[in-house]
Amino acid sequence: MSSHTSGNPTARKHTALPKAQILIEALPWLTRHRGKTVVIKFGGNAMIDEELKAAFAQDVVFLHHAGLRPVVVHGGGPQISAALDRHGIVSEFKAGLRVTTEDAMDVVRMVLAGQVQRELVGLLNQHGPLAVGLTGEDAHTITATKHQPRIEGELVDIGRVGEITEIDTGAIEALLADGRIPVVSSIARSQDDGHVYNVNADTAAAALAAALDAETLMVLTDVEGLYEDWPHSDEVISRLTAKELEKLLPELASGMVPKMEGCLHAVRNGVETARVIDGRVQHSILLEIFTDEGIGTMVVPDAPEDDMEGAAA
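Residues numbered from 1 in each chain as written. Predicted model: local features only at pLDDT ≥ 70, side-chain atom pairs only at ≥ 80, totals over all residues. Heavy atoms only, no water.

## Structural notes on the pairing of strand β1 (residues 37-42)
Within β1, six of the six residues are buried, which leaves it mostly tucked inside the rest of the structure. Residues Thr37, Val39 and Lys41 line one face of β1 and the alternating positions Val38, Ile40 and Phe42 line the opposite face, and both faces are buried. A crossover connection joins β1 to the parallel strand β2 (residues 69-74) through helix α3 (residues 50-65); in handedness this β-α-β unit is right-handed. (Buried < 20%, exposed > 50% of the residue type's maximum accessible area, 1.4 Å probe, protein only. Helix = DSSP H or I, 4+ residues; strand = E, 2+ residues; numbered from the N terminus. Right-handed = clockwise from strand over helix to strand, strands pointing away.)

Here is the structure:
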């Protein structure tokens, strides 16, 4: 006689029930997020580790099939550094930004549009004809001007690094309407001089989220979220308002600044929530969107009375 449990309804019920409960827990979130646009900044270890990359692609495809409209924005810091090394070009950073010479820009463009984006599109498309890659240059999606940071009061030339001046969401909207998943490389063309510029991907994701009227901006990073009192404590702040975040900005580590500034820009420009989540955790996107726990740090707009106080001040 077979020892298989298929004839035993009690055993079947016990194995199926936890799975059903997990699915049911997602129901209110599925209802809430259906039809909403979510912009996800892909970065950190999730870009390098093969298992994390595959899990990220599964999460994005799951969001798509659950009725959300995901848009992926990526940079490629580690891959760019490795390619510049191979070309004998020294990586130099000023004010937390990569100094991008003309030669370096050619490599940046090649790595972002020709390597990182292609790989991500390939991973997503293992699940169906879904992902379409574009850069900020396509259909004027992102327009930039030369960015010159101020260091100790002086404007410093860091080469082909761009500051976003305009977003045109037409191409992305058309892809979303067609049921596709846009994958955007953070490169932009300038209206002023016609040059192509390297744009910080956190900043690009935030600007796109605001322009697309997205419900959520999610930024994958290599920490659990924003820490309460780093390095003295590893307690993560789970939720804070735009005003609370603004107060913390001057104290943050340089790598977190563009991420948190992006979150602040997003929620101040119509995005309902901006979240920094740990990209080292497999399926962190699904945990954040579809479970009661949530992980990472969520930034929300100020309450209306806070805005009134600000207006009166």
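## Overview of the packing of helix α4 (residues 77-86) against helix α5 (residues 102-124)
It is the contact of α4 with α5, at a shortest axis distance of 9 Å, that shows an interaxial angle of 130 degrees. What the angle tells us is that α4 and α5 run oblique. Where α4 crosses over α5, the handedness of that crossing is right-handed. Contacts from Gln79, Ile80, Ala83 and Leu84 in α4 reach Ala104, Val107, Val108, Val111, Leu112, Gln115 and Val116 in α5. Split into classes, the residues belonging to the contact of α4 with α5 amount to nine nonpolar, two polar and no charged. (Axes fitted to C-alpha atoms, helices over the stretch in contact; angles between N-to-C directions. Parallel < 35°, antiparallel > 145°, perpendicular 65-115°, else oblique. Left-handed = near helix turned anticlockwise from the far one by under 90°. Contact = heavy atoms within 4.5 Å. Nonpolar A, V, L, I, M, F, W, Y, C, P; charged D, E, K, R; others polar.)

## With respect to the pattern of salt bridges
Using the criterion set out here, one finds 16 salt bridges in the structure. Between Glu119 and Lys53 there is a salt bridge whose closest N-O contact spans 2.7 Å. Of the two residues, Glu119 is situated in helix α5 and Lys53 in helix α3; the sequence distance between them amounts to 66 residues. Across the salt bridge formed by Glu92 and Lys94, the nearest N and O atoms sit 4.0 Å from each other. (Salt bridge = Lys/Arg side-chain N within 4 Å of Asp/Glu carboxyl O.)

## Concerning the packing of α3 against α5
The geometry of α3 relative to α5 is characterised by a closest axis approach of 9 Å and an angle of 60 degrees between their N-to-C directions. Taken together, the axes of α3 and α5 are oblique relative to one another. For the pair α3 and α5, the crossing hand works out as right-handed. Where α3 abuts α5, its residues Glu50, Lys53, Phe56, Ala57, Val60 and Val61 lie against Glu119, Leu120, Leu123 and Leu124.

## Some details on the packing of aromatic side chains
If you walk through the whole model with that rule in mind, you get two aromatic pairs. Ring geometry for Phe62 and Phe290: centres 5.7 Å apart, planes at 65 degrees, overall edge-to-face. One end of the pair, Phe62, is in helix α3; the other, Phe290, is in helix α10 (residues 284-290), and 228 residues separate them in sequence. By relative accessible area, which is 42% here, Phe62 ends up partly exposed. (Phe/Tyr/Trp six-rings, centres within 6.5 Å; stacked < 30°, edge-to-face > 60°.)

## Focus on the pairing of strand β6 (residues 142-146)
Inspection of the sheet shows β6 paired to strand β9 (residues 162-167) by five bridges, in the antiparallel sense. Note that in β9 the partner of Ile142 across the bridge is Ile167. Bridge count between β6 and strand β11 (residues 187-190): two bridges; the pairing is parallel. The residue of β11 that forms the bridge with Thr143 is Arg189. (Pairing = 2+ DSSP bridges.)

## Regarding α4
Regarding α4, the residues found buried are Gln79, Ile80, Ala83 and Leu84. Looking straight down α4, one finds its buried side chains confined to an arc of 135 degrees; they lie on one side. In this structure, the buried residues of α4 make contact with β4 (97-98) and α5. Remark: Gly88 follows α4 within two positions and exhibits a positive phi of approximately 70 degrees. (Arc of directions from axis to C-beta.)

## Considering the nonpolar core
Ile40, Phe56, Leu63, Val72, Leu124, Ile285 and Phe290 are the most contacted members of the largest nonpolar core, which totals 44 residues. No other element matches the 11 residues that α5 contributes to this core. Not counting the four nearest positions on each side in its chain, Ile40 is found in contact with Phe56, Val60, Leu63, Pro70, Val71, Val72, Val73, Met218, Leu220 and Ile285. Counting residues in each nonpolar core, the second largest holds 38 residues, with Val39, Val71, Ile142 and Leu212 among its members. (Core = buried A, V, L, I, M, F, W, Y, C linked by side-chain atoms within 4.5 Å.)

## A closer look at unusual backbone geometry
Here the phi dihedral of Ala139 falls at roughly 50 degrees; this positive angle occurs in a residue that is not glycine. Mapped onto the elements of the fold, Ala139 is located in the loop between β5 (131-135) and β6. A positive phi angle, close to 50 degrees, is found at Glu152, a residue other than glycine. In this fold, Glu152 is placed in the loop between β7 (150-151) and β8 (154-155).

## Re α3
Taking 1.5 Å as the rise per residue, α3 with 16 residues should run 22 Å; its terminal C-alpha atoms sit 23 Å apart, in good agreement. Every buried residue of α3 is listed here: Leu52, Lys53, Ala55, Phe56, Ala57, Asp59, Val60, Val61, Leu63 and His64. Lining the buried residues of α3 we find β1, β2, α5, β10 (181-185), β13 (216-221) and α10. Looking at where α3 begins, the residue whose side-chain oxygen comes 2.9 Å from the main-chain nitrogen of Glu51 is Asp49. A positive phi of about 95 degrees marks Gly67, the residue just after α3. (Expected span 1.5 Å × (residues − 1). Polar contact = N/O pair within 3.5 Å; in protein donor to acceptor, adjacent residues only side chain to side chain.)

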